[in-house]
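Remarks on the overall topology
Take a look at the letters that make up each chain.
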Amino acid sequence: MPYRFTTGDLKTIAKRLGLQKINANKWNGADIKGNFWQTYIHNHGDGAQILPGTAKQQAKQMGFKDMEDMYDFLINSKRKR
Amino acid sequence: MTFFEEKSISKAKQDFPNIVREAANGFESITTNFKSSNSGNVSIISTDIFEEILDRAFKFNPVVEKDPDGNGYTISIEELLIHGDAPTLFDALKDLAENLMDYAQDYLTRIDFFRQIENRKEHYPYLRRIVKHKDINQVMEVIAECHTDLQQVILKQSQKG
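Residues numbered from 1 in each chain as written. Chains lettered and ligands numbered in written order. Predicted model: local features only at pLDDT ≥ 70, side-chain atom pairs only at ≥ 80, totals over all residues.

Summing up its helical and strand segments, chain B has seven helices and six strands in all. When the helices and strands of chain B are listed from N to C terminus, the series reads β-α-β-β-α-β-β-β-α-α-α-α-α. In terms of principal-axis extent, the alpha carbons of chain B reach across some 65 × 35 × 25 Å. Expressed as a percentage of its 161 residues, the buried residues of chain B come to 25%. In chain B, 37% of the contacts between residues at least 6 apart in sequence involve partners at least 24 apart. (Helix = DSSP H or I, 4+ residues; strand = E, 2+ residues; numbered from the N terminus. Buried ≥ 20, exposed ≤ 12 C-beta atoms within 10 Å, placed from the backbone. Contact = placed C-beta atoms within 7 Å.)

The following block contains the structure:
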């Protein structure tokens, strides 16, 4: 199943993970295991579709196994990292 | 004869002008803090040799992914957990280079922090290669050094002016 994310989805995910917005595009922060996660989210408006190749990288950059894992985190608001 | 006699800090202080002269000629000096078991050895070597080692051993392997719907390109360097994207391949490479320069500057500024982070500590040699370049075009060339398509796109862009 192809997963599609918007800029707004990625911002929601980053915020729920506790990442901070550092500058126009850069978000970063640490998890409780001491890993440091950093990703870049272009601000084209919250409804803008993210390229699948970019979403795949953003998933890895935020510590998800893959895009499916990141999608599961997005739709399950009770899920922790 | 031993090539790597470890010198104490006080001995290295006394010999420092000589150590620097020898390093410039290709010799390596190793300094040890014999009073502390926590601090590792420190090598003093020529910057040219250090950068030559990095340039040979830490090549970038960018991966290009084209959007199947034709909306753009993503270029990633997976070993550094970083990417760039844009509607054109050239602009995606430029975006990646900007992100990489930003990360390299942050990393080298806070290297004591990043060297303790499990998923970041191995990024140093790659970022040390990047941080010596001030010009984004040079950074793009370093990223593209092992990728023919990216080299072609840089060449085409430079021919356009």
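Looking now at the nonpolar core. Residues and elements named next belong to chain B. Core analysis: the largest hydrophobic core is formed by 27 residues, its most contacted members being Leu 93, Leu 96, Ala 97, Leu 100, Met 140 and Ile 143. A per-element tally of this core places helix H3 (residues 89–109) first, with nine residues. Each residue touching Leu 96, except ones within four places of it in the same chain, is listed here: Ile 75, His 83, Gly 84 and Ile 143. (Core = buried A, V, L, I, M, F, W, Y, C linked by C-beta atoms within 7 Å.)

For the rest of this paragraph, the subject is the packing of H3(B) against helix H7 (residues 148–160) of chain B. Residue and element names in this part refer to chain B. Contact geometry of H3 with H7 gives a least axis separation of 9 Å together with a crossing angle of 105°. Comparing their axes, H7 and H3 come out roughly perpendicular. Facing H3, whose interface residues are Leu 89, Phe 90 and Leu 93, H7 presents Leu 150, Val 153 and Gln 157. (Axes fitted to C-alpha atoms, helices over the stretch in contact; angles between N-to-C directions. Parallel < 35°, antiparallel > 145°, perpendicular 65-115°, else oblique.)

We now examine the packing of H3(B) against helix H6 (residues 136–143) of chain B. Residue and element names in this part refer to chain B. Running from amino to carboxyl end, H3 crosses H6 at an angle of 105°, the nearest separation of the two axes being 9 Å. As summarised for this structure, H3 and H6 are arranged roughly perpendicular, according to the angle between their axes. In contact with Leu 93, Lys 94, Leu 96, Ala 97, Glu 98, Leu 100 and Met 101 of H3, H6 contributes Ile 136, Val 139, Met 140 and Ile 143.

Residues and elements named next belong to chain A. Taken in spatial order, the three strands line up as S1-S2-S3 in an open sheet, and their pairing is antiparallel. What marks the edges here is a single partner per strand, and that holds for strand S1 (20–21) and strand S3 (36–40). Where strand S2 (residues 26–30) meets S3, five bridges bridge the pair, whose relative direction is antiparallel. Paired with Asn 28 across the bridge in S3 is Gln 38. (Pairing = 2+ DSSP bridges.)

Geometric descriptors of this kind do not, in isolation, establish any biological role.
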